[in-house]
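Analysis of the macromolecular model
Next come the chains, spelled out residue by residue.
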2 protein chains.
Amino acid sequence: MSNNTNDTIFIGKKPLMTYVTSAIIQLATIPIITIKARGLSIGRAVDVVQMVLNKTKPAFVLGDIKIDSESLVSEDGKNRNVSSIEISIKKA
Amino acid sequence: MSNNTNDTIFIGKKPLMTYVTSAIIQLATIPIITIKARGLSIGRAVDVVQMVLNKTKPAFVLGDIKIDSESLVSEDGKNRNVSSIEISIKKA
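The structure contained in this document is the topic of the report that follows. (Residues numbered from 1 in each chain as written. Chains lettered and ligands numbered in written order. Predicted model: local features only at pLDDT ≥ 70, side-chain atom pairs only at ≥ 80, totals over all residues. Heavy atoms only, no water.)

Observations regarding the relation of the copies chain A and chain B
Quick note on the threshold: What sets the superposition is a least-squares fit of C-alpha atoms, and only residues with pLDDT of at least 70 in both copies go into it. Whether two residues are in contact is decided by their heavy atoms, any of which lying within 4.5 Å being enough.
At an RMSD of 0.0 Å, chain A and chain B line up after a rotation of 180 degrees and a shift of 0.0 Å along the axis. Taken together, the rotation and translation describe the operation of a two-fold axis. Ranked by how close their C-alpha atoms come to the rotation axis, the residues of chain A are headed by Gly43 of chain A, at 2.8 Å. Most of the interface of chain A is mirrored in chain B: 100% of its interface residues are interface residues there too.

Pasting the structure below:
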């Protein structure tokens, strides 16, 4: 279930409010969603979560936070470790 | 205790290895440390934690992860919310 695109939002380079709005729309119909990001977008993921919680309080609360690192092959052929984060938001 | 500079490392603009080395040195004498960062440094904090865990495994494990947002007054006088993260690393 957690890999279902309906309940997971990947944070990229779009304006933050795009992700905040998607998250709130998802939370209207499902009780828990996960915000994921890698590398430099990790700080933006935390921003999105805080904005969602702020706008919806007290209906939703912070769930689990997980961090990990993934080994990717970069353009120059070297292995690079990229950190990632997963933050869940759930019904209070 | 958690505001004691000995057990808290704030992530800024120095090279990542500076923070990784400081963290490992602290962990040699105290059982738990906290890595903190704000805003764009949040992704770097996750990198530092992953590098410390990688270099010290299996002696240390990930502890609690907390996220928050702080209201700061920016240079133009407006209030801005800045996200922050605190990640602890402790003896396994």
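Okay, back to it.
Comments concerning the packing of helix α2 (residues 42-56) of chain A against helix α2 (residues 42-56) of chain B
Cut-off, in case you're wondering: Only C-alpha atoms enter the line fits that serve as axes; for helices the fit covers just the stretch in contact. Angles between N-to-C directions range over 0 to 180 degrees. Helix and strand definitions follow DSSP, with helices as H or I runs of at least four residues and strands as E runs of at least two, each counted in order from the N terminus. Angular relationships are summarised with four words: roughly parallel below 35 degrees, roughly antiparallel beyond 145, roughly perpendicular across 65 to 115, and oblique for the angles in between. Under the scheme applied, nonpolar residues are Ala, Val, Leu, Ile, Met, Phe, Trp, Tyr, Cys and Pro; charged residues are Asp, Glu, Lys and Arg; polar residues are all the others, including Gly.
Running from amino to carboxyl end, α2 of chain A crosses α2 of chain B at an angle of 120 degrees, the nearest separation of the two axes being 6 Å. By the criterion of interaxial angle, the relationship of α2 of chain A to α2 of chain B is oblique. Between α2 of chain A and α2 of chain B, the residues in contact are Ile42, Gly43 and Val46 of chain A and Ile42, Gly43 and Val46 of chain B, respectively. Looking at the contact of α2 of chain A with α2 of chain B residue by residue, the class counts come to four nonpolar, two polar and no charged.

Points about the interface of chain A and chain B
Reports often express the size of an interface as the amount of accessible area lost when the parts come together. Put simply, the rule is: Buried area, as used here, totals the accessible surface that two parts lose on assembly, with accessibility defined by a 1.4 Å probe and the loss added over both. For this analysis, a salt bridge means a side-chain nitrogen from Lys or Arg found within 4 Å of a carboxyl oxygen belonging to Asp or Glu. For the purposes of these results, a polar contact is taken to be a pair of N or O atoms within 3.5 Å, where, inside protein, one atom must be able to donate a hydrogen and its partner to accept one; residues adjacent in sequence count only when each atom of the pair is a side-chain atom.
Taken together, the 17 residues of chain A in the interface contact 17 residues of chain B. Taking both sides of the interface into account, the surface hidden between chain A and chain B amounts to around 1,300 Å²; carbon and sulfur atoms contribute 63%. The interface formed by chain A and chain B contains zero salt bridges. Run the count over chain A and chain B and you get two residue pairs in polar contact (both at pLDDT 80 or more).

A look at the pattern of salt bridges
Residues and elements named next belong to chain A. Test applied: Classification of residues uses two cut-offs on accessible area relative to the type maximum, computed with a 1.4 Å probe and protein chains only: under 20% is buried, over 50% is exposed, and between them is partly exposed.
A complete count under the given rule lists four salt bridges over all chains for this structure. Here Lys36 ties to Glu86 by a salt bridge, and the two come within 3.9 Å at their closest N and O atoms. Of this pair, Lys36 sits in strand β2 (residues 32-38) while Glu86 is found in strand β4 (residues 79-91), placing the two residues 50 residues apart along the sequence. Looking at Glu86, the relative accessible area reads 29%, which means it is partly exposed. Between Glu70 and Arg38 there is a salt bridge whose closest N-O contact spans 2.9 Å. Remark: Arg38 occurs in strand β2 and Glu70 occurs in strand β3 (residues 60-73); sequence separation between them is 32 residues.

What about the environment of Lys13 of chain B?
Residue and element names in this part refer to chain B. Looking at the element boundaries, Lys13 is found in the loop between β1 (8-10) and α1 (16-27). According to the relative accessible area criterion, Lys13 is exposed, its value standing at 72%. Spatially, the C-alpha atom of Lys13 lies 9.1 Å from that of Arg44, the residues being 31 residues apart in sequence. With residues near it in sequence (within four places) discarded, Lys13 still touches Tyr19, Ser41 and Arg44.

Focus: the nonpolar core
Threshold: The set of buried Ala, Val, Leu, Ile, Met, Phe, Trp, Tyr and Cys residues whose side-chain atoms join them within 4.5 Å is what this entry labels a nonpolar core.
Grouped together as the largest cluster of nonpolar side chains are 45 residues, with contacts concentrated most on Ile35, Ile85 and Ile89 of chain A together with Ile35, Ile85 and Ile89 of chain B. Once residues within four sequence positions are removed from consideration, Ile89 of chain B is found in contact with Leu27, Pro31, Ile32, Ile33, Ile35, Val49, Val52, Leu53, Phe60, Val61 and Gly63 of chain B.

What to know about the packing of helix α1 (residues 16-27) of chain A against α2 of chain A
All names here are of chain A. Put simply, the rule reads: The handedness criterion is simple: a crossing whose near helix is rotated anticlockwise from the far helix by less than a right angle is left-handed, and one whose near helix is rotated clockwise is right-handed.
Remark: α1 packs on α2, axes separated minimally by 9 Å, with the N-to-C direction vectors making an angle of 50 degrees. If you check the angle between α1 and α2, you find them oblique. Remark: the crossing between α1 and α2 carries right-handed chirality. Only Arg44, Asp47, Val48, Met51, Val52, Lys55 and Thr56 of α2 make contact with α1, whose side of the interface consists of Leu16, Met17, Tyr19, Val20, Ala23, Ile24 and Leu27. Per-class residue counts for the contact of α1 with α2 are 10 nonpolar, one polar and three charged.

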